[in-house]
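Here's the letter readout for the chains.
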Amino acid sequence: MESGYRPSSRVTGQGGPRKALNTADTYEVYSKSADAWFEGKIVERGPDSFRVEWRDGEQLYAKTVPLRDAHHCAGADQVTPLPSTPLPRPRMTVLSLNLEFNTRLFDNEDRSNIHLFKRCIQHADADVVALQEVVDYRDKARDPLLAALQESGYEEVVSTTSGTSHDGRTERAISFEGMIYGKAEPQPLIDTIRDVRRPTFVKDILQDDGNPLVNKLYVKRSLSVKSSGSILVSPAGMLSYWPETDAKREPVHLAPRFLAYVEVEVAGKSAFILNTHFVGGRFEDTDFTVATEFRRKQSEAINKWAQGKSVVLVGDFNASQDFSLSSAPHLLKYANSLPLFLKEKADLTRFANEHRLTSDSATDLATEWAISKYDKYMTQPMDSLREHGWSTTTDLKWSLKGRLPLEVTRSRPVFTFKFNTVVDHAFWRGSLMVRSIEVLWALAFAVNPAGAAKFQETDMDVSNGFTDHNALLVTIDLD
């Protein structure tokens, strides 16, 4: 492609004397086909030649230049170069996994499933591990995850114990009880957990001043970390729940959500890995008409921070692109209680007239409207990121790393959450490319009589998993 060389004018000055060659020099390569000079970088020097890399559009090239030709400036004799060889891009892998506030790492009899977590980490062998919904132990010596990851070659880089938003608002991460709005529950989930979980675990996370729930990032010790931190990305707001009774719950403050980030360098190229947990889930879904806007603002905050950077965003989005009530039966209770929800706002008949809905009964009209709103709520995080130019893919495959349970056949659709949906995602932007997204099995389940995989709520002595999610393994080519 190229037919000449010259030292870069930005290094030597146009036509000026050539500096001594070293790996910091730049050099220009002439493309006859493009009739243009491309600036390259000298990356290697031998006794009789040096090697230069340069880019033409999206393609990276390399060339060995004889030293006898390197002394020529622009307009000098043309030379016949060696064949150009595109260079492979540096590669990075990221594992993303929600650990369901650590509860399924321990069973009722104090037996640990940490070995299952460790096996998943080692099978993936990722450069970066991104965890959501994990306990941040103030006493690091008691943190079983940290020990397992350190034994596997990782160091903790970020824990979202606090963060500041782009408008200067600062919040601290809160404990498990706060994240599930335990004080607002008529029958707190905490009581159930106290009954079935080990006492030490209860002491660790179920106190008002207990260890907070956070997102974390771990990086292999062999890699270079250029920067890292935690950012508050959820807005200030209030939630008002409507349980499946006529009793209206008192408004509560939205639990804070954070973005963990780390800039990692591989083979001279770097990218930001972002890890978040979106507003939503079973403790916030019931107020979806309000939470839709909270999710949009969280997406906006992430997008604003990521401007001008090459980033990959992973995490639990609490959202499914192909959502339907039939694919998530636990949400039917919200649909069934929607007429009660709407009674708080207006008479159903007047409501139907205002919205010009076409159903025979006011109750059906209200439910129809609310379900359409819930569908928008469910896809909102992905829709917002796409609007801002982020890329993603729905082409997920079961990973061959590790072991799939026998009951999960290769023909079974890929899912990341216990209700056979995909709620864990990867989005990216900037000068990088995601090559693949694989799903590793981590889900705790039992097999029902019909032979289908069924999530088991209380049996912690499982051989196949340790959480209510599967893991994403994202492979990235850096630029």
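Everything numeric here is computed off the predicted structure, so don't read it as measured data. (Residues numbered from 1 in each chain as written. Predicted model: local features only at pLDDT ≥ 70, side-chain atom pairs only at ≥ 80, totals over all residues. Heavy atoms only, no water.)

Below, the discussion takes up the environment of lysine 226. Relative to the assigned elements, lysine 226 resides in strand S12 (residues 224-232). On a C-alpha basis, the gap between lysine 226 and phenylalanine 272 in space is 9.4 Å, while along the polypeptide they are 46 residues apart. For lysine 226, the contacting residues outside a window of four places in its chain are Glu263, Glu265 and Ser270. (Helix = DSSP H or I, 4+ residues; strand = E, 2+ residues; numbered from the N terminus. Contact = heavy atoms within 4.5 Å.)

Read from one edge of the open sheet, 5 strands run S12-S15-S16-S17-S19, paired in mixed fashion. Sheet topology places S12 and strand S19 (424-429) at the edges, where each strand pairs with a single neighbour. Mean inter-strand twist for the sheet, computed between neighbouring axes without regard to direction, equals 15°. Two strands pair when backbone bridges link them, and strand S16 (residues 269-277) and strand S17 (residues 311-316) are joined in this way by 6 bridges, in the parallel orientation. Across the sheet, the residue bridging to isoleucine 273 is valine 312, located in S17. The sheet contacts of helix H8 (residues 288-306) involve S12, strand S15 (258-266), S16, S17 and S19, and relative to S16 the element is tilted by about 165°. (Pairing = 2+ DSSP bridges. Axes fitted to C-alpha atoms, helices over the stretch in contact; angles between N-to-C directions.)

Further remarks concern the pattern of salt bridges. In the structure shown here, the tally under the stated rule is 16 salt bridges. For the salt bridge of glutamate 284 with arginine 257, the shortest nitrogen-to-oxygen distance reads 2.8 Å. Of this pair, glutamate 284 sits in the loop between S16 and H8 while arginine 257 sits in the loop between strand S14 (252-253) and S15, and the two are 27 residues apart along the sequence. The partner of arginine 296 in a salt bridge is glutamate 300, and the shortest N-O contact between them spans 3.5 Å. Placement of both arginine 296 and glutamate 300 in helix H8 is noted, with a separation of 4 residues, approximately one turn of the helix. (Salt bridge = Lys/Arg side-chain N within 4 Å of Asp/Glu carboxyl O.)

Here we come to the pairing of strand S7 (residues 128-135). Counting buried residues along S7, 8 of its 8 residues qualify, which places the element largely inside the surrounding structure. As defined by bridge partners, S7 adjoins strand S11 (residues 213-220) across 6 bridges and the pair is classed as antiparallel. Paired with valine 135 across the two strands is leucine 213, which belongs to S11. (Buried < 20%, exposed > 50% of the residue type's maximum accessible area, 1.4 Å probe, protein only.)

With the rule as written, the count across this model stands at 12 aromatic pairs. Geometrically, the ring pair formed by phenylalanine 317 and phenylalanine 427 is stacked, given 5.7 Å between the ring centres and 20° between the ring planes. Residue phenylalanine 317 is located in the loop between S17 and helix H9 (332-343), and its partner phenylalanine 427 is located in strand S19; the two are separated by 110 residues in the primary sequence. Comparing phenylalanine 317 with phenylalanine 427, the two get one shared label, buried. (Phe/Tyr/Trp six-rings, centres within 6.5 Å; stacked < 30°, edge-to-face > 60°.)

Let us look at the nonpolar core. Counting residues in hydrophobic clusters, the biggest one holds 39 residues, and the most contacted among them are Leu259, Leu274, Ile302, Trp305, Leu313, Phe317 and Trp390. Taken together, the elements giving at least two residues each to this core come down to helix H5 (176-179), S15, S16, H8, S17 and helix H11 (362-387). Looking at which element gives the most residues to this core, the answer is H8, with 7 residues. If we ignore the near neighbours within four places in the chain, the residues touching isoleucine 302 are Val233, Leu259, Leu274, Thr276, Phe278, Leu313 and Trp390. Formed by 32 residues, the second largest nonpolar core is a distinct cluster that contains Ala260, Val312, Trp428 and Leu432. (Core = buried A, V, L, I, M, F, W, Y, C linked by side-chain atoms within 4.5 Å.)

What follows covers the confidence of the model for the chain. Should pLDDT be low for a region, the predicted coordinates there are not to be read in detail. Of all residues in the chain, 63% attain a pLDDT of 70 or more, and the chain-wide mean is 75. Low confidence marks residues 71-83, where pLDDT is under 50. Its contacts with residues over four positions away, or in another chain, come to 26 contacts. Scored below 50 in pLDDT, residues 243-247 shows 6 contacts in the model against residues more than four places distant or in partner chains. (pLDDT = per-residue confidence, 0-100.)

Another point: helix H4 (residues 144-151). Inspection of H4 places Pro144, Leu145, Leu146, Ala148 and Leu149 among the buried residues, and these make up the whole buried set. Structurally, H4 contributes buried residues whose contacts are with helix H3 (114-124), S7, strand S8 (154-159) and S11. Of the residues flanking the start of H4, the one acting as N-cap is aspartate 143, its side-chain oxygen 3.0 Å from the backbone nitrogen of leucine 145. Note on H4: the residue one or two positions beyond its end, glycine 153, has a positive phi of about 100°. (Polar contact = N/O pair within 3.5 Å; in protein donor to acceptor, adjacent residues only side chain to side chain.)

Here we come to the side chain of lysine 220. Tracing the backbone shows lysine 220 in strand S11. According to the relative accessible area criterion, lysine 220 is buried, its value standing at 18%.

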